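Architecture and fold: a report
As a plain string of letters, each chain reads:
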Amino acid sequence: MKPWLGWLAFWALLPIGSVMADTQWHWQLSHGQGQSSHSVLFPDYRSADRQDALIGLSHQQGNWRTSASATWERDESGSTGQLWLQELVWQAPLADSDLELTLGKARIDWGVGYGYRPLDLFRGYRRHPLGVQVEEGVGVAALSHFTLDGEWTLIATDASWSSAPETAMSQASEQQGLGLRHYRMLMGHEWQLLGYYDDVRRGLIGASYVWVPTDALEIHGSALYQARFPGYQLTGQPQAPVALTSQHDAVQALLGLTWSHVSGHQLILEYWFDGRAWSQSQWQSALHRADAAKEVPSVQRTYAAGFANGNLTQHSLMLHWRLSAESLELRLDLLMDPQSQGVIATPRLNWSFEQHSLNLELAMRTLLGSADSPYRNLPDKRMIFVNLTGRF
């Protein structure tokens, strides 16, 4: 999907947004300030203030659904702009049957979970970002059959329909394939099974389960196996850069629970495993190699590529707490690596001004743990953001 298509869709919808009641505009302004971690993996990185802005629209008319956004970002290196065509999809039932056809670019979100969703198969969506984020769909042709308690879907996708700047990993992950999904809800139990084959992963199977035993408790889980996956790996030579290769057999799994109280408190506890990520021993080896390669910065920087292999670490534990009271919301996320004792703490304070359709958020992310923890070797060890969002 060429970037100019995003510009075309955005400007074509501008006059529609001024006259159609089913068009919604939204915007976001974000200011962030970071403090460098001085990691050996990012020898040239220096934290800097940054400003981001977004304006977007969502339009629905009849069987058509469209969303597009324009983003702008500025830091000490300059400013850049980007147009995004997030969705452009036609969805309609076939005659008077139980069948529904979906064609176009659409976001497919089958995952369950708060911190991580293994079943986001076609495009990985960053969970709970601090600043501006745009989520795109993929090229889709799907035929769904609905029953009294569930749904069968035959789907073909093309992940190359993207407006985002390409990286080596994104190019290696651009799959085209065909799959089948079955969703069912029965007596408070919700589950789905799916199988998919594409030219990158060469076959995968997945499943999820959600159970709500009481009004206050929910239990959820999901699992995925894929035959192949693109990933960065350490080579046999200590001073050699990492290599992006096609690797075999990866398992991803998540198990979690949600507890809610009428007072406004909510707790979510989740554990997940990602076999695509580097193990603790691989991270230790990467840090030692990066330190030894200080005289060759072009090689030293490549060891940070391990952060692109799915999750940051193979094992992750998350605790989420939320308190909602009228227009004020407090949130705290603790993402932990049980092996290196690394912690990413993200408190947020959110005010909603519904009468003005405004939302103000103060957020901070702090990376804690030992110096050899993967978390502590991310480029920023502390970030503070102020976000203002609205709609009209």
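Residues numbered from 1 in each chain as written. Predicted model: local features only at pLDDT ≥ 70, side-chain atom pairs only at ≥ 80, totals over all residues. Heavy atoms only, no water.

Looking at the pattern of salt bridges
Stated formally: Basic side-chain nitrogens of Lys or Arg form a salt bridge, by our definition, when they fall within 4 Å of a carboxyl oxygen of Asp or Glu. The helix and strand labels rest on DSSP assignments: H or I over at least four residues marks a helix, E over at least two residues marks a strand, and numbering proceeds from the N terminus. Here's how the labels work: a residue is buried when its accessible area is under 20% of the maximum for its type, exposed when over 50%, partly exposed in between, all with a 1.4 Å probe on protein chains only.
In total, this model carries 18 salt bridges according to the counting rule given. One salt bridge in this structure joins lysine 105 and glutamate 136, with 2.8 Å as the shortest N-O distance. Taken as a pair, lysine 105 in strand S5 (residues 99–106) and glutamate 136 in the loop between S5 and strand S6 (138–146) lie far apart in primary sequence, 31 residues in all. Judged by its relative accessible area of 1%, lysine 105 is buried. A salt bridge links arginine 322 to glutamate 329, with the nearest nitrogen and oxygen atoms 3.9 Å apart. Several salt bridges share partner residues, and in doing so they unite Arg322, Glu329, Arg331, Arg348 and Glu361 into one network.

Let's talk about the confidence of the model for the protein chain
Rules: Every residue carries a pLDDT, the predictor's confidence in it, which falls somewhere between 0 and 100. We call two residues in contact when some of their heavy atoms are within 4.5 Å.
Averaged over every residue, the pLDDT of the protein chain is 90; residues scoring 70 or more account for 95%. Every residue in residues 1–9 scores below 50 in pLDDT, and together they form 15 contacts with partners more than four places removed in sequence or on other chains. Throughout residues 14–20 the model reports pLDDT below 50, and contacts reaching past four residues in sequence, or to other chains, amount to seven contacts.

A word on the nonpolar core
Inclusion rule: Here, the term nonpolar core denotes a set of buried Ala, Val, Leu, Ile, Met, Phe, Trp, Tyr and Cys residues that are joined through side-chain atoms within 4.5 Å.
Leu41, Val242, Trp278 and Tyr303 are the most contacted members of the largest nonpolar core, which has 28 residues in total. Sorting the residues of this core by element identifies strand S13 (265–274) and helix H3 (280–292) as the ones contributing at least two each. Element by element, the count of residues in this core is highest for H3, at four residues. Not counting residues up to four positions away in its chain, the partners in contact with valine 242 are Tyr232, Gln233, Leu234, Trp278, Thr302, Tyr303 and Ala305. Residues Ile108, Val140, Tyr196 and Leu224 belong to the second largest nonpolar core, which totals 16 residues.

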